[in-house]
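Next come the chains, spelled out residue by residue.
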Amino acid sequence: MSQATLSPSRLRYSLGPWARISALAVCALLTLGPVIWTVSTSLRTPAESFELPPRIIPTNPTAEAYRGVFDQIDVWLLALNSTLVTALIAVGQMITAGLAGYAFARLEFRFKKPLFALVLATMMVPLQVTIVPVFLVLKSMSLTDTLLGLIIPAFPTAFGTFLMRQYFLGMPKDLGEAAMLDGAGPWRIFRSVYAPLAAPGLAIVGVLAFNYHWNEFFRPLILETSGQNYTLPLGLVSLQGNLGTGSISVVLAGVVLSMIPAVAVFVVGQRPLREGITSAGVNR
């Protein structure tokens, strides 16, 4: 049967998958296009970076720009600082979000609903509003210009608390009640029963926290003044001087280097991220 003889309903059905694939291809191109262009430009010579019309594939690929990044900034120190800060923040948020989410989901105490509403309200307060009081508190504790000053204030997470609360609400109450009949207390029930089941949800919190704080720029800019405490995004700012000399390839090479750990963490954690987000909103 030719396409001309197909009924309108069958024609729509046959074109449906191709329309979805085309739409997804366009979205993927719009998302990955800047990344592909960044990687491509980082492999060009400075002169080739400004060719018109531009080429996606470099004529003579070279890694000189990456060598220039290592020559101009201490990439290993910056990467170590970023790894230490983001890893500890991710672990800290997994702990605080797990405990707070369990408390709001399974424990009964006074003012539980108003307190949870207050936690959610903090999500609407921009970081720029709270950075001054946070800076003053850290200064009184002699934690400014230290990595601890970046790590400790980032432990509380309103989004992580909300996510884990929804995750715990989706778990059967019978498990906790059975453990309670066996004499287990709230902490034992959380540690031995619910926490292992909440591992995918905790993985979501950890992956999102790592990716967010790895790319964080504003707080390190305000809180850190010594070069030895700079994180990688803050250290890459010193590469801006290459824009004046036309060496845009060096700047984009630094950007590519900073993306690698975040992309690796996302690729490794995408399965629990996808499964956890899907099941987090499903209540019992």
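- The name that an unreviewed UniProt entry assigns to the chain is Sugar ABC transporter permease, with the source organism given as Streptomyces spinoverrucosus.
- According to the UniProt record, the Subcellular location (unreviewed entry) comment for the chain reads "Cell membrane".

1. What to know about the overall build of the chain
Part 1: Tallying secondary structure elements over the chain gives 14 helices and 0 strands in all.
Part 2: Counted from the first residue to the last, the chain has its helices and strands arranged as α-α-α-α-α-α-α-α-α-α-α-α-α-α.
Part 3: Per-residue burial over the chain gives 37% buried out of 284 residues.
Part 4: Within the chain, counting contacts between residues at least 6 apart in sequence, those at least 24 apart form 72% of the total.
Part 5: Roughly 16900 Å² of accessible area belongs to the chain as shown, and the carbon and sulfur atoms make up 70% of that amount.

2. Things to note about the side chain of Thr-231
Part 1: Relative to the elements of secondary structure, Thr-231 occurs in the loop between α11 (218-223) and α12 (232-235).
Part 2: Ignoring anything within four residues of it in the chain, the contact list for Thr-231 reads Leu-78, Ser-82, Leu-150, Glu-216 and Pro-220.

3. Examining the nonpolar core
Part 1: One finds Tyr-102, Met-164, Phe-168, Met-171, Ile-189, Tyr-194 and Ala-198 to be the most contacted residues of the largest nonpolar core, which totals 19 residues.
Part 2: Going through the elements one at a time, α3 (75-106), α7 (158-169), α9 (186-197) and α10 (199-214) are the ones with two or more residues in this core.
Part 3: Of all the elements, α9 adds the most residues to this core, at 5 residues.
Part 4: Here Tyr-102 is in contact with Leu-107, Phe-168, Pro-186, Ile-189, Phe-190 and Tyr-194, once residues within four sequence places are set aside.
Part 5: Membership of the second largest hydrophobic core comes to 16 residues, among which are Ile-73, Leu-78, Trp-214 and Leu-236.

4. Focus: the side chain of Ser-82
Part 1: As for its placement among the helices and strands, Ser-82 is situated in helix α3.
Part 2: Beyond its immediate stretch of four places on either side in the chain, Ser-82 contacts Trp-214, Thr-231, Leu-232 and Pro-233.

5. A short note on the UniProt feature "transmembrane region" (unreviewed entry) in the chain
Part 1: Within this numbering scheme, the UniProt entry marks residues 21-40, 75-103, 115-138, 150-168, 189-214 and 248-269 as carrying the feature "transmembrane region" (unreviewed entry).
Part 2: In this annotation, residues 75-103 is assigned 100% helix and 0% strand; the end-to-end C-alpha distance for the span is 41 Å.
Part 3: Segment residues 150-168 splits into 68% helix and 0% strand. End C-alpha atoms: 29 Å apart.

6. Some points on the pattern of salt bridges
Part 1: In this structure the tally under the stated criterion is 3 salt bridges.
Part 2: Note that Arg-219 is salt-bridged to Glu-216, the shortest N-O span being 2.7 Å. Each member of the pair Arg-219 and Glu-216 is classed as buried.

Calculation criteria
- Residues numbered from 1 in each chain as written.
- Predicted model: local features only at pLDDT ≥ 70, side-chain atom pairs only at ≥ 80, totals over all residues.
- Heavy atoms only, no water.
- UniProt positions renumbered as here; feature names shortened; annotations may be inferred.
- Helix = DSSP H or I, 4+ residues; strand = E, 2+ residues; numbered from the N terminus.
- Buried < 20%, exposed > 50% of the residue type's maximum accessible area, 1.4 Å probe, protein only.
- Contact = heavy atoms within 4.5 Å.
- Areas by Shrake-Rupley, 256 points an atom, 1.4 Å probe, with all protein chains shown as cover.
- Core = buried A, V, L, I, M, F, W, Y, C linked by side-chain atoms within 4.5 Å.
- Salt bridge = Lys/Arg side-chain N within 4 Å of Asp/Glu carboxyl O.

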